[in-house]
Amino acid sequence: MQKKSLEVLEYPKILERLAKMARSSITKDKILNLNPSTDIEYLKDELEKTAAMAKIISRNGNIDIFGLYDFTEIIGYVRRNGILEPADLLKVLSLLRVSEYLKDYGKNIEDTYLLDIFDRISTNEFLKDEIDRSIINEEEIADNASRELLNIRRSKARKESEIKNKLNSYVTSPRYEDALQDKVVSVRDGRYVVPIKTNKRAVINGIVHDKSASGNTLFIEPAAIVELNNQYKDLELKEEAEIRRILDRLSRFTEKFDQEILENQKLIGRIDFLQAKAKFGLENDYSIPRLNDQKIINIKQARHPLLPGRVVPIDVAIGGDYTTLIITGPNTGGKTVSLKTVGLISLMAQTGLFIPAEEGSMLNVFDDIFLDIGDKQSIEMSLSTFSASLTNIVDILNKVTSNSLVLLDEIGSGTDPIEGAALAISILSSLTENEVMTFATTHYSELKYYAMENDRVMNASVEFDVETLSPTYKLEIGTPGKSNAFEISKRLGLSEKILTKAKSLIGEDTQNINKILEEIEDDKAEIEAKNRQIENYRREIQSIKDKLRNKSKEIDKQKEEIIKKAEDAANKILDKANKESQAMLKEAKRSKNANTSDIDRSLNKIRNKYKDSYIANEEEGLRLKKSKDIPDELKVGDMVIVEGLGQEAQVIEAPDSKGNIKLQMGILKMDSNIKNVRKIKKDKQTEKNIEKVYSVKKAMHISATLDLRGQRYDEAMRNVDKYLDDAMLAGLSQAKIIHGKGTGALIKGVSEILKTDKRVASYRFGDDKEGGYGVTIVKFS
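Residues numbered from 1 in each chain as written. Predicted model: local features only at pLDDT ≥ 70, side-chain atom pairs only at ≥ 80, totals over all residues. Heavy atoms only, no water.

**Observations regarding the overall build of the protein**
- Along the backbone of the protein there are 24 helices and 25 strands.
- Residue burial in the protein is summarised as follows: out of 781 residues, 41% are buried.
- Expressed as a percentage of contacts within the protein between residues at least 6 apart in sequence, the contacts between residues at least 24 apart total 66%.
- For the protein, the accessible area works out to roughly 44,900 Å², and carbon and sulfur atoms hold 49% of it. (Helix = DSSP H or I, 4+ residues; strand = E, 2+ residues; numbered from the N terminus. Buried < 20%, exposed > 50% of the residue type's maximum accessible area, 1.4 Å probe, protein only. Contact = heavy atoms within 4.5 Å. Areas by Shrake-Rupley, 256 points an atom, 1.4 Å probe, with all protein chains shown as cover.)

Structure (structure tokens):
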């Protein structure tokens, strides 16, 4: 693509806005260096994937991408056996955390391509936990990074305390009060010292490590603590060595995961890029363009994406019967904006972006875009406007192909109107003959006539409201712009005499074309009025249809209610008659002379008659329908739709020899037949529910004792938390946690978890028989 075209159409500003949607600096840099593509298959595929991402984040929420860095140098360094600094290891930790998060996010994705990206992301919980456990920040390594480091730091703390206590004996002793410059303990060159007045140097025997700027104070390390300081320094060196060993260990673990880290960087960067494009489209209410290589542009309600405030949308159609569009109209009427809108939207589509236009808008994929829209650089080089424009057009004609897009603003302007119009027609004819898709704006009437006489060229205009003396910015395809000079002059107060004289001076052809344009505008206004009238009729008819449809539904509902009430009333009468008849017959049966067999036959006859006459409206309401898509087979767990009810249900008992099945519909169980259902695809949630049932069953067999002995602190705490979940699922009322006595770290950790867990009613140490302080007994709520 022409660099000049990208700059004039302000394509870099689109990339800057797109880059703000990305989360990582890697993706931002990639976006800012994008260029439009000419590969239509790649662009269609990229738009499809962006649309899939838009659906996912609309349904599941934005993807929180964090911790993405360029790991090329880091991995290269560890591969050379380098030892990573804490800052670099923390970057690795961030990548591992976001990888784990994305792996979880991807579980709800159905799109094949995106699901594959999320599936290919690798996780390494061990490396993540080791870095997390060992490094606090870029400057600090955790005490628990290793047992050796913990012991060294404890020894340092004791040694430091011993040194300070020794020095405090100097600071607080009356013997040295006059010699001390200040009653503080300082550090110089990593050695603990006390500040002594220069003239009292002989009072304390020791090594001078520093002198104040005034020369009045000496910082002396008393001889009595030299050995203590040496021991402390030795511990510092051991600490540094142990830290390097820890960092080396973590670096080697990172080296073993090097390929996965680099691959994760690419995958997460791809996710970030697709999400940035999807968010850019969603937040701006853009749509996916339809691309073609047939040289057809048909964009509807297109808006220039960089114009502030409310932008008047335009419809642009070109291609097929005509390849050149000539736009006429007043200055500041929107002609140039129309050109730039077409050009910039084409660039956006060829970058795989959604566009600011209605759904279904079509764009051609061009091999290049050429334009002549105000060349300031040429003007600065002392070329006239005409010379600068013509120089640019000559360059365009030399480079353009039949699959290029050409945008020419005010073609032929800046010179004699007759010659300028002739040149403009000649240039446009050349482009049209070579089937180059061209948009040109002009003030020349001659170009309007040229478009009318050439089947491959179409007129267009930007509207101007004579009443308000202002442009409407609407683009009209098929209608040339009408000159409004006389009408505007009249409204601005120019005398009728001068206007009459001016009209007589213009040629007959111009008068005729203006008259034709006026007639076209009048016809257009009349057609638009009729279209509005037809649209009003259409809406009125639709409203009446909706009312009739609603009324019909209401009548059907009332009919059902009346029938139901009548059925209920009839059933009550039947019920009453049945009870009274049976009561009378039972009473008659008690008579001495009664024929009991006749009475029993009468009772049965009444019962059967009652059953036949009773209106079972509830059963009628739940009548099942025969399925149009009877499944060949069903097994337990399959999901079906019950025809007639329209409800989803799960098969809980497979079909018998007659096809009868049992279904679970919500909390209800029901009998049905395979002929009354159609099978549907089981969703992932159903599988999750089945897995959850299995996990609960598994938890039912959990032991009432958890043994943590021999486990690392972090591992033990995770196991305690998981055990509490399993114990509750299994319904345990009490459990025993064996942690041993050891250093007390596990005891403290278990206690902190239990005291904040709402599932725990109480906990205590075991008694002598239960294991004493090495055991905690837990009772659940």
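**Notes on the confidence of the model for the protein**
- When the pLDDT values of the protein are averaged, the result is 82; 83% of them are 70 or greater.
- Contacts for the low-pLDDT stretch residues 617–622, under 50 throughout, to residues beyond four places or in other chains number 4 contacts.
- Predicted confidence is poor over residues 688–700, with pLDDT under 50, and the contacts of this stretch with residues over four places away or in other chains come to 9 contacts. (pLDDT = per-residue confidence, 0-100.)

**Describing the packing of helix H6 (residues 86–105) against helix H11 (residues 258–283)**
- Relative to each other, H6 and H11 sit at 55°, their axes nearing to 11 Å. With respect to H11, the element H6 is oriented oblique. Crossing of H6 against H11: the hand is left-handed. Of H11, the residues touching H6 (which contributes Val-92, Leu-95, Val-98, Ser-99 and Leu-102) are Ile-261, Asn-264, Ile-268 and Ile-271.
- Tallied by class, the residues present in the contact of H6 with H11 amount to 7 nonpolar, 2 polar and no charged. (Axes fitted to C-alpha atoms, helices over the stretch in contact; angles between N-to-C directions. Parallel < 35°, antiparallel > 145°, perpendicular 65-115°, else oblique. Left-handed = near helix turned anticlockwise from the far one by under 90°. Nonpolar A, V, L, I, M, F, W, Y, C, P; charged D, E, K, R; others polar.)

**Some details on the environment of Ile-345**
- Mapped onto the fold, Ile-345 is located in helix H12 (residues 335–349).
- In this structure, the C-alpha to C-alpha distance between Ile-345 and Leu-363, residues 18 residues apart in sequence, is 8.7 Å.
- Ignoring sequence-local partners within four residues, the contact set of Ile-345 consists of Ala-302, Arg-303, Ile-355, Pro-356 and Leu-363.

**What to know about the environment of Ser-751**
- Relative to the helices and strands, Ser-751 resides in helix H24 (residues 745–756).
- Distance from Ser-751 to Tyr-763, taken between C-alpha atoms, is 8.5 Å for residues 12 residues apart in sequence.

**Remarks on the pattern of salt bridges**
- Inspection of the entire model under this criterion finds 37 salt bridges.
- Of the charged contacts in the structure, one is a salt bridge between Asp-210 and Arg-188, with a shortest N-O distance of 3.1 Å. Placement of the pair is Asp-210 in strand S5 (residues 206–211) and Arg-188 in strand S3 (residues 186–188), with a sequence separation of 22 residues.
- Looking at Asp-210, the relative accessible area reads 31%, which means it is partly exposed.
- Between Arg-245 and Glu-242 there is a salt bridge; the shortest N-O distance is 2.8 Å. One end of the pair is Arg-245 and the other is Glu-242, both in helix H10 (residues 226–256) and 3 residues apart, which spans about a single turn.
- Given the relative accessible area of 43%, Arg-245 is considered partly exposed.
- A relative accessible area of 7% places Glu-242 in the buried class.
- Sharing partners across several salt bridges, the network here consists of Glu-100, Lys-128, Asp-129 and Arg-718. (Salt bridge = Lys/Arg side-chain N within 4 Å of Asp/Glu carboxyl O.)

**Focus on H12**
- In a regular helix each residue adds 1.5 Å, so 15 residues correspond to 21 Å; H12 covers 22 Å between its end C-alpha atoms and thus fits that length.
- Counting buried positions along H12 gives 12 out of 15 residues, so the element sits mostly inside the fold.
- What H12 keeps buried is the set Lys-335, Ser-338, Leu-339, Thr-341, Val-342, Gly-343, Leu-344, Ile-345, Ser-346, Leu-347, Met-348 and Ala-349. (Expected span 1.5 Å × (residues − 1).)

**Some thoughts on the sheet that holds strand S25 (residues 775–780)**
- Strands sit in the order S22-S23-S25-S24 across an open sheet of 4 strands; the sheet is mixed. The strands lining the two open edges of the sheet, one partner per strand, are strand S22 (705–707) and strand S24 (760–765). Pairwise comparison of adjacent strand axes, ignoring direction, gives a mean angle of 20° for this sheet.
- Direction of pairing for strand S23 (residues 734–738) relative to S25: antiparallel, over a ladder of 5 bridges. Note that in S25 the partner of Ile-737 across the bridge is Thr-776. (Pairing = 2+ DSSP bridges.)

**Details of the sheet that holds S3**
- Pairing is antiparallel in the open sheet, where 4 strands are placed in the order S3-S4-S6-S5. On the outer flanks of this sheet lie S3 and S5, each paired with one strand and no other. On average, each strand axis in the sheet is inclined to that of its neighbour by 50°, with strand direction left out of account.
- Two elements, S5 and strand S6 (residues 217–222), share 5 bridges in a ladder whose sense is antiparallel. Residue Ile-207 lies in a different strand from S6, and its bridge partner there is Glu-221.
- Its contacts with the sheet place helix H9 (residues 147–172) against strand S4 (191–197) and S6, and it is angled at close to 10° to S4.
- Running at roughly 145° to S4, H10 makes contact with S4, S5 and S6 of the sheet.

**Side note on the nonpolar core**
- Among the nonpolar cores identified, the biggest contains 54 residues, and Ile-31, Ile-297 and Phe-439 are the most heavily contacted of them.
- Broken down by element, the residue count for this core peaks at 7 residues, all from H12.
- When near neighbours in sequence (up to four residues on either side) are disregarded, Ile-31 contacts Leu-15, Leu-18, Ala-19, Ala-22, Phe-273 and Ala-276. (Core = buried A, V, L, I, M, F, W, Y, C linked by side-chain atoms within 4.5 Å.)

**Side note on the pairing of strand S18 (residues 647–653)**
- Two strands pair when backbone bridges link them, and strand S17 (residues 639–642) and S18 are joined in this way by 4 bridges, in the antiparallel orientation. Looking at the pairing, Met-639 lines up with Gln-650 of S18.
- Connecting S17 to the antiparallel partner S18 that follows it, the hairpin turn spans 4 residues, and Gly-644 within it adopts a positive phi of roughly 95°.

**Considering the pairing of S17**
- Here S17 shows no split at all, with Met-639 and Ile-641 on one side and Val-640 and Val-642 on the other all buried.
- In this sheet, strand S21 (residues 677–680) lies alongside S17 in antiparallel orientation, the contact comprising 4 bridges. Paired with Val-642 across the strands is Val-677, a residue of S21.

**Quick word on helix H4 (residues 40–60)**
- Between its first and last C-alpha, H4 extends 30 Å over 21 residues, near the 30 Å set by a 1.5 Å rise per residue.
- For H4, the full list of buried residues reads Ile-40, Leu-43, Glu-46, Leu-47, Lys-49, Thr-50, Ala-51, Ala-52, Met-53, Ala-54, Ile-56 and Ile-57.
- At the N-terminal end of H4, a side-chain oxygen is found 3.2 Å from the backbone nitrogen of Glu-41, two or three residues along, and the residue is Asp-39.
- With its phi angle positive at about 95°, Gly-61 sits one or two positions after the end of H4. (Polar contact = N/O pair within 3.5 Å; in protein donor to acceptor, adjacent residues only side chain to side chain.)

**Considerations on the packing of helix H7 (residues 112–120) against H11**
- Contact geometry of H7 with H11 gives a least axis separation of 9 Å together with a crossing angle of 145°. Where H7 crosses over H11, the handedness of that crossing is left-handed. Contacts from Tyr-113, Leu-114, Ile-117, Phe-118 and Arg-120 of H7 reach H11 at Glu-263, Asn-264, Leu-267, Arg-270, Ile-271 and Leu-274.
- Residue classes in the contact of H7 with H11 are distributed as 7 nonpolar, 1 polar and 3 charged.

**Quick notes on the environment of Ile-411**
- Within the secondary structure, Ile-411 is located in the loop between strand S13 (404–408) and helix H15 (417–433).
- Sequence separation between Ile-411 and Ile-393 is 18 residues, and the spatial gap between their C-alpha atoms is 9.2 Å.
- What Ile-411 contacts, discounting residues up to four positions off in sequence, is Ile-393, Ala-424, Ile-427, Leu-428, Ala-440, Thr-441, Thr-442, Tyr-444 and Leu-447.

**Structural notes on the side chain of Lys-335**
- Note on placement: Lys-335 falls in helix H12.
- Taking the relative accessible area as the measure of exposure, Lys-335 reaches 5% and is therefore buried.
- Apart from the residues lying within four places of it in its own chain, the contact partners of Lys-335 are Ile-327, Thr-328, Gly-329, Pro-330, Glu-410, Thr-441, Thr-442, His-443 and Val-462.

**Some details on unusual backbone geometry**
- The phi dihedral of Lys-295 falls on the positive side, at around 55°, and the residue is not glycine.
- For Lys-295, the location among the structural elements is in the loop between strand S7 (290–292) and strand S8 (296–302).
- Among the residues examined, Lys-295 registers a relative accessible area of 16% and is labelled buried.
- For Glu-435, which is not glycine, the phi torsion reads 55° and is therefore positive.

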